[in-house]
Amino acid sequence: MVKFLKPNKAVVVLGGRFAGRKAVIVKQFDDGTRDRPYGHCLVAGISKYPKKVIRKDSAKKTAKKSRVKAFIKLVNYNHIMPTRYTLDVDLKDVVTVDALQSRDKKVTACKETKARFEERFKSGKNRWFFSKLRF
Amino acid sequence: MVSGKKTKKTHESINNRLALVMKSGKFTLGYKTVLESLRSSKGKLIIISNNCPPLRKSEIEYYAMLAKVGVHHYNGNNVDLGTACGKYFRVSCLSIIDAGDSDIIKSLPGDS
């Protein structure tokens, strides 16, 4: 009886181009909107996971391997699988429904999300979120 | 989680309680609505039949764990559960939203 689809919840996207990718809920629309009359949420996720970094790698290689590609998407609740993990990254100001209106707004929002994800990855926290889900 | 040998008596009492919920309370039948009720935190108790596919069973259990809702594994298959609900179709999983006059929510989560 606890609401668990809240902002900062880590979820796995189940279908579409980003199937199997981990994402974090930024904003949820439990009752839908006029365009989408079903429960859905705005998620920011990882489109390309960072690669495995080993001790042998030079600084240049580490930088290259730690790159993350992000995506922003509005997903139906039926198409995500919630997990018990959370990701505390402040994306509310960057990721908005407004950002999805035009191509270049989306690109800038994705770039900013990518920067925040990368700094979180480099800090070594939330390791589960940045590891690829094998299936 | 599997409670040893379920005696005939407790099994019948579950059926009785379910019948009371069907009459006086609110419930939804079926996988899609069960997940919906869990997401919107409206469900208070989930009942799953014993021949529910294991992947689906684990998924419902995981959602229920996130929502902190009890899950009861009914001692019978979906045909039996449908009959217990008084329906002429099979019911693999159901969610009780409002128990009405029944005490099923208070008495069951202790078992499962």
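Bear in mind that the values here come from a model prediction, so they are computed numbers and not experimental data.

> How would you explain the interface of chain A and chain B if you had to name every residue and give the values?
In this assembly, 13 residues from chain A lie in contact with 13 residues from chain B. A combined buried area of about 1200 Å² lies between chain A and chain B, and 64% of that area is made up of carbon and sulfur atoms. A per-residue breakdown of the area chain A buries against chain B is headed by M1, F4 and M81 of chain A, which together make up 48% of the total. For the pair chain A and chain B, the interface holds zero salt bridges. Per element, the largest residue contribution to the side of chain A that touches chain B is five residues, and it comes from strand β5 (residues 80-86) of chain A. Class assignment for the residues of the side of chain A that touches chain B results in eight nonpolar, two polar and three charged.

> Tell me what's going on with the pattern of salt bridges, and back it up with residues and numbers.
Residue and element names in this part refer to chain A. The tally for this structure, following the rule as stated, stands at seven salt bridges over all chains. Two residues, K105 and D98, come together in a salt bridge whose shortest N-O distance is 3.5 Å. Under the relative-accessibility criterion, K105 is labelled partly exposed at 37%.

> Can you explain the sheet that holds strand β2 (residues 22-29) of chain A? Please cite residues and give values.
Residues and elements named next belong to chain A. Read across the sheet, five strands follow the order β4-β3-β2-β1-β5 without closing on themselves; strand pairing throughout is antiparallel. Of all strands in the sheet, those with a lone pairing partner are β4 (69-76) and β5, marking the two edges. On average, each strand axis in the sheet is inclined to that of its neighbour by 40°, with strand direction left out of account. Sheet topology note: the strand β1 (residues 9-13)/β2 ladder contains three bridges and is antiparallel. Its bridge partner being in β2, V12 is matched across the sheet by K22. Taken strand by strand, helix α2 (residues 103-122) contacts β2, β3 (40-48) and β4, and its axis lies near 115° from that of β4.

> Describe the confidence of the model for chain B, and please don't skip the residues or the numbers.
Residues and elements named next belong to chain B. For chain B, the average pLDDT comes to 88, and 90% of its residues sit at 70 or higher. Mean pLDDT across the elements of chain B bottoms out in helix α5 (residues 104-107) (82) and peaks in helix α3 (residues 54-67) (95). Interface confidence in the predicted complex, given as ipTM, is 0.88; pTM for the same model is 0.88.

Conventions adopted
Residues numbered from 1 in each chain as written. Chains lettered and ligands numbered in written order. Predicted model: local features only at pLDDT ≥ 70, side-chain atom pairs only at ≥ 80, totals over all residues. Heavy atoms only, no water. Contact = heavy atoms within 4.5 Å. Buried area = accessible area lost by both parts, 1.4 Å probe. Salt bridge = Lys/Arg side-chain N within 4 Å of Asp/Glu carboxyl O. Helix = DSSP H or I, 4+ residues; strand = E, 2+ residues; numbered from the N terminus. Nonpolar A, V, L, I, M, F, W, Y, C, P; charged D, E, K, R; others polar. Buried < 20%, exposed > 50% of the residue type's maximum accessible area, 1.4 Å probe, protein only. Pairing = 2+ DSSP bridges. Axes fitted to C-alpha atoms, helices over the stretch in contact; angles between N-to-C directions. pLDDT = per-residue confidence, 0-100.

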